[in-house]
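Spelled out, the chains give:
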Amino acid sequence: MADRLKILLQHALPKQALTTLAGRVAGAQGGAMTTRLIGWFVKRYGVDMAEAHDPEIASYASFNDFFTRPLKLGARPIAEADFVSPVDGAISQLGAIDDHHIIQAKGHRYTITDLVGGDAELAEPFRHGSFANLYLSPRDYHRLHMPCDGKLLRMIHVPGALYSVNPVTARGVPNLFARNERVVCVFESPQHGTFVMVLVGATIVGSMATVWHGVVNAKRTGKPSQWDYSGQDIVLRQGEEMGRFLLGSTVVMLFKPGTIAFNPDWSAEMPVRLGAMMGQRPAAS
């Protein structure tokens, strides 16, 4: 019953207005007020500031600066693996793509075509492939890194709703990750072929940003936008930062068939850390 009430509230909330307000608050440089807000957040969510490059909360001019704080050098060693976790977070779901369907939660599925914004041609190579959906909670480090080497080919901003992406909402709102606002990043790996990273927005997620573009959805026009980078030499190495959430969310990754055998220790709801082994390329591939 409590979960049902939370879902009903999600439907009723003015999510766009709340997100706009949260973005303004998070970007404001409010001096002592900002420091108090950060202090409350650290205590409320148990944020480990000892891992931060700068552990002093008063040094952050805005909440966004704090939320996207860098880690200390060496805080997240990169495993010797073909694919590593791109984030600190928890596994929402992972596994095989059933033809072109991805499991969202028990009783809920969505299609890879819907996830990438309706582009059936982009989605086609990932049929019968693999996916991983990693959720970033408020306490987590909120920069995203590369699971493997990749050359950027395309980026698509898909407008949408702004439901929360926490586990309760994932169980209760159909088509959630293909319904929310998202940024689809398409890469080509010399070793593993084409793969996709989808940054999914959520309620009070101020914005999503990439290292090559900056803030992607600053104006929220409601219309899809697309950028072609195939003629540019934007190459990111495994473990390098590729983007960040300005107030947290989820990343969904798509891999072609025969590309990845997931770490057998990984399972739904398990916490993971940036740089941990996500998987290896199957020996027969």
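An account of the accompanying structure is given in this report. Note that this is a predicted model, so its numbers are computed, not measured. (Residues numbered from 1 in each chain as written. Predicted model: local features only at pLDDT ≥ 70, side-chain atom pairs only at ≥ 80, totals over all residues. Heavy atoms only, no water.)

What to know about the overall build of the protein chain
- Across its full length, the protein chain holds seven helices and 18 strands.
- A buried classification covers 50% of the 285 residues belonging to the protein chain.
- For the protein chain, long-range pairs separated by at least 24 residues make up 75% of all intrachain contacts whose partners lie at least 6 apart in sequence.
- As displayed, the protein chain offers around 12900 Å² of accessible surface, 55% of which is attributable to carbon and sulfur atoms. (Helix = DSSP H or I, 4+ residues; strand = E, 2+ residues; numbered from the N terminus. Buried < 20%, exposed > 50% of the residue type's maximum accessible area, 1.4 Å probe, protein only. Contact = heavy atoms within 4.5 Å. Areas by Shrake-Rupley, 256 points an atom, 1.4 Å probe, with all protein chains shown as cover.)

Focus: the sheet that holds strand β14 (residues 241–246)
- The four strands lie next to each other as β6-β14-β10-β11, forming an open sheet whose pairing is antiparallel. The two strands at the open ends of the sheet, each matched to only one other strand, are β6 (143–145) and β11 (214–215).
- Sheet analysis places strand β10 (residues 207–210) next to β11, joined by two bridges and oriented antiparallel. When the bridges of β11 are listed, A209 appears paired with V215. (Pairing = 2+ DSSP bridges.)

Examining the packing of aromatic side chains
- Per the stated rule, a full pass over the model turns up 14 aromatic pairs.
- Pairing F187 with W212 gives two aromatic rings, centres 6.0 Å apart and planes at 85 degrees, and the pair type is edge-to-face. Taken as a pair, F187 in strand β8 (residues 182–189) and W212 in the loop between β10 and β11 lie far apart in primary sequence, 25 residues in all. The same class applies to F187 as to W212, namely buried.
- Between W212 and Y229, the ring centres sit 6.4 Å apart and the planes meet at 70 degrees, which makes this aromatic pair edge-to-face. Residue W212 is located in the loop between β10 and β11, and its partner Y229 is located in the loop between β12 (225–228) and β13 (235–236); the two are separated by 17 residues in the primary sequence.
- Members of the aromatic cluster, joined through ring pairs, are W40, F41, Y45, Y60, F63, F66 and F67.
- Stacked on the ring of Y45, the Lys or Arg R44 has its end atom at 4.8 Å from the ring centre. (Phe/Tyr/Trp six-rings, centres within 6.5 Å; stacked < 30°, edge-to-face > 60°. Lys NZ or Arg CZ within 6 Å of the ring centre and 35° of its normal.)

Remarks on the pairing of strand β15 (residues 250–255)
- Within β15, six of the six residues are buried, leaving the element largely enclosed by the surrounding structure.
- Burial of β15 is two-sided: the residues T250, V252 and L254 facing one way and the residues V251, M253 and F255 facing the other way are all buried.
- Inspection of the sheet shows strand β5 (residues 130–135) paired to β15 by six bridges, in the antiparallel sense. Pairing of Y135 across the sheet is with T250, part of β15.

Some words on the pairing of strand β2 (residues 89–96)
- Bridging between β2 and strand β17 (residues 271–272) involves two bridges; their strand directions are antiparallel. Within β17, the position partnered with G89 by the bridge is V272.
- Where β2 lies against β5, six bridges are found, and the strand directions are antiparallel. What sits directly across from G95, in β5, is F131.

Looking at the nonpolar core
- F187, W212, M242 and M278 are the most contacted members of the largest nonpolar core, which totals 33 residues.
- Of all the secondary-structure elements, those providing two or more residues to this core are β5, β7 (150–158), β8, β9 (193–200), β14 and β15.
- What M242 contacts, discounting residues up to four positions off in sequence, is L144, H145, M146, C185, F187, M197, L199, A209, T210, V211, W212 and L236.
- With 20 residues, the next largest nonpolar core counts L115, L122, F126 and V252 among its residues. (Core = buried A, V, L, I, M, F, W, Y, C linked by side-chain atoms within 4.5 Å.)

Observations regarding the pattern of salt bridges
- A full pass over the atoms with the stated rule returns 10 salt bridges.
- R154 is the partner of D119 in a salt bridge, and the nearest nitrogen-oxygen pair spans 3.0 Å. With D119 in the loop between α5 (112–115) and α6 (120–123) and R154 in strand β7, the pair connects residues that are 35 residues apart, well separated along the chain.
- Look at D119 and you get partly exposed, because its relative accessible area is 22%.
- Among the ionic pairs, R244 bridges to E241, the shortest N-O distance being 2.8 Å.
- Taken together, the shared-partner salt bridges in this structure form one network comprising E51, R76, D88 and R273. (Salt bridge = Lys/Arg side-chain N within 4 Å of Asp/Glu carboxyl O.)

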